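# Structural features, examined
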Amino acid sequence: MNLFSKKIISWFHTNKRDLPWRNTKDAYLIWLSEIILQQTRVDQGMSYYLKFAKTFPTVKHLAKADNDEVMKLWQGLGYYSRARNLHTTSKIISQKYKGKFPSEYSEILALKGVGEYTAAAIASFAFDKPHAVVDGNVFRLLSRVFGIETPIDSSQGKKEFTSLANELLDKKNAAAHNQAIMEFGAMQCKPVSPYCGVCPLNTMCVAYEKKLVSVLPVKEKKTKVRNRYFNYVVLNYKGTTAINKRTGKDIWTNLYDFPLIETKKEFSEEEFLGSKEWKSFIEKNKYSIKSVSKVYKHILSHQKIYARFWEIVCTIPLEKIIGDTAIVIKQKDIHQYAVPRLIENYLEGK
Ligand code: SF4
């Protein structure tokens, strides 16, 4: 075992968090936890993991579930394609692999929603296969310890860090090594203010020695953020409202929201009511405005959404207003539907 591996594994034994998915070799549960943790912090993901593991104790239970039930359980966690892929993949494992999770790295990697990092995590944690995990935490740690300045988000960087991670992997002890390197990156060598003074790697860490800790890792690109302006129309006719199941390639596919009019900029009430989108949505004498909400700001990884909710009382049944993709429901039943966090925030503030 090399010194790097020895040190991180020994650190892991005394510092690891006790997480439920660490006490199992069940590939299904490990996969579930890894998908949840792909873009979510452990403290936020924990209750979702427990809910999913309880509701769907095996991959077959998940495969048999209704998609709306899966989406509802995922509600609030964001990056909803993960839930859709989870469900699709559970059906594939249930049918093609007869409910037995595949154990080969290449088979795991071929599953929908599973990238190289997740495949390596499942293959090593559940089946002790020698594949190194490489994610942002690992890239950062390696960049600092070995003083590598290649940008971690470049293709060259990805190659270099992946190859180094595989070189360092203790192949006879892949599960422990991988768990340790991930935990070490997340808890000890944090992005900001890592605990260098008490770090077991500080005698071999180039960044620490050369005072480059705040400079490494290097990133090439800045994420471009797009602003969007949503006007949600919350209709009310005798206690009913209309909701829309989102389809297509935009955000929040398969979740429900209110009928939406998106504008290129934030509209004043006057501008909005005078817009052709609004005029073609509902006839002038068929409604009155009950209230207009404050602007809700909602931040996603590549988008900033500014949303306003227009509460509208209608004088005609909603079926006569809405298009094919919307459905009419009782207002009080909205909580039965999986909605994006933005809608949840609005409903909670009412
Ligand atoms: S010394 Fe600091 S920068 Fe280096 S590995 Fe330890 S925590 Fe990370």
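Note that the structure is a prediction, hence the values are computed from the model and not measured. (Residues numbered from 1 in each chain as written. Predicted model: local features only at pLDDT ≥ 70, side-chain atom pairs only at ≥ 80, totals over all residues. Heavy atoms only, no water.)

### Re the pattern of salt bridges
Summed over the entire model, instances satisfying the criterion amount to 16 salt bridges. With a closest N to O distance of 2.8 Å, Asp250 and Arg228 form a salt bridge. Taken together, the residues Asp250 in the loop between strand E2 (240–245) and strand E3 (256–257) and Arg228 in strand E1 (residues 226–236) connect sequence positions 22 residues apart. Arg246 is the partner of Asp250 in a salt bridge, and the nearest nitrogen-oxygen pair spans 3.4 Å. A cluster of three or more residues bridged by salt bridges with shared partners is formed by Arg228, Arg246, Asp250, Asp257 and Glu262. (Salt bridge = Lys/Arg side-chain N within 4 Å of Asp/Glu carboxyl O. Helix = DSSP H or I, 4+ residues; strand = E, 2+ residues; numbered from the N terminus.)

### Describing the pairing of strand E6 (residues 296–299)
Of the two faces of E6, the one holding Tyr296 and His298 is buried and the one holding Lys297 and Ile299 is not buried anywhere. Where E6 folds back on strand E7 (residues 303–314), the antiparallel hairpin that results is connected by three residues. (Buried < 20%, exposed > 50% of the residue type's maximum accessible area, 1.4 Å probe, protein only. Pairing = 2+ DSSP bridges.)

### Examining the side chain of Asn231
Its place among the elements puts Asn231 in strand E1. Side chain to side chain, Asn231 and Thr263 meet in a polar contact 3.2 Å long. For Asn231, the contacting residues outside a window of four places in its chain are Pro259, Leu260, Ile261, Thr263, Phe272, Arg308 and Trp310. (Polar contact = N/O pair within 3.5 Å; in protein donor to acceptor, adjacent residues only side chain to side chain. Contact = heavy atoms within 4.5 Å.)

### What about the side chain of Gln188?
Inspection of the secondary structure assignment puts Gln188 in helix H11 (residues 174–188). Reaching out from Gln188, the side chain makes a polar contact with the side chain of Trp11 at a distance of 3.3 Å. The residues touching Gln188, leaving out its near neighbours within four places in the chain, are Trp11, Glu183, Pro194, Tyr195, Val198, Cys199 and Pro200.

### Examining the site of the ligand
Around the ligand, the neighbouring residues are Leu141, Arg144, Val145, Gln188, Cys189, Pro194, Cys196, Cys199, Asn202, Cys205, Tyr208 and Val213. Looking at which element gives the most residues to the shell around the ligand, the answer is helix H9 (residues 136–145), with three residues. Taken together, the residues of the shell around the ligand break down into nine nonpolar, two polar and one charged. (Near = heavy atom within 4 Å. Nonpolar A, V, L, I, M, F, W, Y, C, P; charged D, E, K, R; others polar.)

### Things to note about the domain arrangement of the protein chain
Domain boundaries assigned for the protein chain yield domain 1 (3–209) and domain 2 (226–349). Listed per partner, the contact involves ten residues of domain 1 and 15 residues of domain 2. Note on domain 1 versus domain 2: buried area summed over both sides is about 960 Å², and carbon and sulfur give 44% of it. At the boundary of domain 1 and domain 2, one finds one salt bridge. With four residues, the single largest contributor to the side of domain 1 that touches domain 2 is helix H5 (residues 67–74). Along the lines of polarity and charge, the residues of the side of domain 1 that touches domain 2 split into three nonpolar, four polar and three charged. (Domains from an automatic or database assignment. Buried area = accessible area lost by both parts, 1.4 Å probe.)

### A word on helix H8 (residues 116–127)
Because an α-helix packs 3.6 residues into every turn, residues spaced three or four apart end up facing the same way. Between the first and last C-alpha of H8 there are 16 Å, a value that for twelve residues agrees with the 16 Å anticipated at 1.5 Å per step. Burial analysis of H8 places ten of its twelve residues in the buried class, the great majority of the element. All buried positions along H8 are accounted for by Tyr117, Thr118, Ala119, Ala120, Ala121, Ile122, Ala123, Ser124, Phe125 and Ala126. Against helix H2 (27–37), helix H7 (105–109) and H11 lie the buried residues of H8. Positive backbone phi, approximately 55°, marks Asp128, located one or two places after H8. (Expected span 1.5 Å × (residues − 1).)

### Observations regarding the sheet that holds E3
Spatially, the three strands line up as an open sheet ordered E3-E2-E8, and their pairing is antiparallel. One side of each edge strand has no neighbouring strand; the edge strands of this open sheet are E3 and strand E8 (326–330). Pairing geometry for E2 and E3, over two bridges, is antiparallel. When the bridges of E3 are listed, Asn244 appears paired with Asp257.

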